[in-house]
Amino acid sequence: MRTGILLLVSGPSGSGKSTLCRRLEDEREASFSVSCTTRAPREGELHERDYYFLSKEDFLERVAAGDFIEHAEVHGNYYGTLRSEVVERLAKGIDVVMDIDVQGAAQVRACEDGVIQKSLVDLFVMPPSEMELAARLTGRGTDSEEVIALRLKNAIEEMSHWPKYRYRLVSATREEDYTRFKSLLIGERMRVSRLGES
Ligand code: 5GP
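Described in the following lines is the structure provided in the data block. Position labels on residues start from 1 in each chain and follow its written sequence. Predicted model: local features are reported for residues with pLDDT of at least 70 only, side-chain atom pairs are reported and counted for 80 or more only, and whole-chain, interface and lining totals are derived from all residues. As a rule here, side-chain values come from all non-hydrogen atoms in the structure, and water together with hydrogens is ignored.

Structural notes on the environment of Lys-153
(1) Moving on: By the criteria applied, helices consist of DSSP H or I runs no shorter than four residues and strands consist of E runs no shorter than two, each listed in order from the N terminus. Take Lys-153: it is sitting in helix α7 (residues 145-159).
(2) Moving on: With 141 residues separating them along the chain, Lys-153 and Pro-12 place their C-alpha atoms 10 Å apart.

Here it is as structure tokens:
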């Protein structure tokens, strides 16, 4: 018996972090923490699978009710992690993976909840270069030019935060990235501090 790992993943959009997190869930290695957001769903995105899509009013009500472990404004929209997506699973020994921005990560690190502190492993995923990042953001084809320009500007700023994380992954190929990503989780499962007496 061991407690769960809270694998917190940040990185600019276009770093490939969402794909890594989703694959971990698809392979049943960890449970994905579905966030709340006030942004509109993109094509193909589903309520409750990709995000809980909330109105601004509903989001702010949940903030006031203390439902979030962390929340932040990213690219002009609100995003937040529900306590209910994380804490019970960790206590049951289920590993949880979360994809959140650098502001949210700072709040989770500062969080006084002992279960979260004990479980936390934070990783920053980044592209090999700014040029590669720009190419990936443009190639995605889901956002307007204006949105891409804003994301690129934010991404460059966001990348400066990597030294605050315990781990960093500079992306190479999808398979290589996933192998390294999963290895981190496998390694963390062996930490003595997570293990019970029997
Ligand atoms: P997107 O709109 O592209 O899905 O996500 C935009 C950014 O919001 C990404 O950097 C993602 O990591 C971040 N994000 C997603 N969910 C959360 C959350 O619950 N909290 C915070 N702080 N950031 C989030």
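A word on the sheet that holds strand β9 (residues 167-170)
(1) Moving on: Note on pairing: two strands pair once DSSP finds at least 2 bridges between them. On the basis of which strands lie adjacent, the open sheet formed by five strands has the order β2-β7-β1-β8-β9 and parallel pairing. Looking at the sheet topology across the chains shown, the edges are occupied by β2 (31-32) and β9.
(2) Moving on: Contact criterion: two residues are considered in contact whenever any of their non-hydrogen atoms come within 4.5 Å of each other. An axis is simply a line fitted to the C-alpha atoms; with a helix, the fit covers only the stretch in contact. Between two such axes, the angle follows the N-to-C directions and lies from 0 to 180 degrees. Packing of helix α4 (residues 102-110) onto the sheet brings it into contact with β1 (6-10), β7 (96-99) and β8 (120-126), and relative to β1 it is tilted by some 150°.

Quick word on the site of the ligand
(1) Moving on: By convention in this text, a residue qualifies as near a molecule or strand provided that one of its non-hydrogen atoms is within 4 Å of it. Looking at the ligand, there are 17 residues lining it, with Ser-35, Arg-39, Tyr-51, Tyr-79 and Asp-99 nearest.
(2) Moving on: Counted as a polar contact is a pair of N or O atoms within 3.5 Å, where, for protein atoms, one must be capable of donating a hydrogen and the other of accepting one, and residues adjacent in sequence contribute only when both atoms are in side chains. Arg-42 is positioned with one of its side-chain polar atoms (N or O) 2.9 Å from an oxygen atom of the ligand.
(3) Moving on: Asp-99 places a polar side-chain atom, nitrogen or oxygen, 2.7 Å from an oxygen atom of the ligand.
(4) Moving on: Shrake-Rupley sampling with a 1.4 Å probe provides the accessible areas, and residues are treated as covered by the protein chains on show and by no other component. Protein contact buries 94% of the 510 Å² of open area that the ligand shows by itself.
(5) Moving on: Counting only elements with at least two residues in the shell around the ligand, the list comes to β5 (68-74) and β6 (77-82).

A look at helix α8 (residues 174-188)
(1) Moving on: Taking 1.5 Å of rise per residue, the 15 residues of α8 would be expected to cover 21 Å, and the 21 Å separating its terminal C-alpha atoms lies within 8% of that figure.
(2) Moving on: Residue burial is assigned from relative accessible area. The probe radius is 1.4 Å, only protein chains are included, and a residue is buried under 20% of its type maximum, exposed over 50%, and partly exposed in between. When α8 is considered as a whole, its buried residues turn out to be Asp-177, Tyr-178, Phe-181, Leu-184, Leu-185 and Glu-188. Seen end-on, α8 carries its buried residues on one side only, within an arc spanning 120°.
(3) Moving on: Taken together, the buried residues of α8 touch β1, α1 (17-26), β7, β8 and β9. In this analysis, the expected span of each helix is defined as 1.5 Å times one less than the number of residues it contains. In this description, the arc belongs to the directions extending from the helix axis to the C-beta atoms.

Here we look at the pairing of β7
(1) Moving on: Of the two faces of β7, the one holding Val-96 and Met-98 and the one holding Val-97 and Asp-99 are both buried throughout.
(2) Moving on: In terms of strand pairing, β1 meets β7 through four bridges, oriented parallel. Within β7, the position partnered with Val-9 by the bridge is Asp-99.

Quick word on the pattern of salt bridges
Any two side chains of opposite charge can pair, given that their charged atoms come close.
(1) Moving on: A pair is scored as a salt bridge if a Lys or Arg side-chain nitrogen falls within 4 Å of a carboxyl oxygen belonging to Asp or Glu. All chains considered together, the criterion is met by 20 salt bridges.
(2) Moving on: Asp-95 is the partner of Arg-2 in a salt bridge, and the nearest nitrogen-oxygen pair spans 2.9 Å. Of the two residues, Arg-2 sits in the segment before β1 while Asp-95 sits in the loop between α3 (87-91) and β7, which places them 93 residues apart along the sequence. Like Asp-95, Arg-2 is buried.
(3) Moving on: With a shortest N-O distance of 3.6 Å, Glu-29 and Lys-182 are connected by a salt bridge. Here the residue Glu-29 occupies a position in the loop between α1 and β2, and Lys-182 occupies one in helix α8, the gap between them amounting to 153 residues.
(4) Moving on: One salt-bridge network, held together by shared partners, links Arg-2, Arg-23, Glu-27, Glu-29, Asp-95, Glu-175, Lys-182 and Arg-189.

Considering the packing of aromatic side chains
Here a ring pair, both rings aromatic, is described through the centre-centre distance and the interplanar angle of the planes.
(1) Moving on: Put simply, two rings from Phe, Tyr or Trp (the six-membered ring, in Trp's case) pair if the centres are within 6.5 Å, and we call them stacked under 30 degrees between planes, edge-to-face over 60, tilted for the rest. Under the criterion given, the structure shown has five aromatic pairs.
(2) Moving on: Taking the centre distance of 4.7 Å and the plane angle of 25° together, the rings of Phe-59 and Phe-68 count as stacked. Both residues of the pair, Phe-59 and Phe-68, count as buried.
(3) Moving on: Among the aromatic residues, those joined into a ring-pair cluster are Tyr-51, Phe-53 and Tyr-79.
(4) Moving on: The lysine or arginine in question, Arg-22, covers the ring of Phe-32, its NZ or CZ lying 3.8 Å from the ring centre.
(5) Moving on: Remark: a charge is flagged as sitting over a ring if the NZ atom of Lys or the CZ atom of Arg is within 6 Å of the ring centre and within 35 degrees of the ring normal. The positively charged end of Arg-168 is found above the aromatic ring belonging to Trp-162, 4.3 Å away from the centroid.

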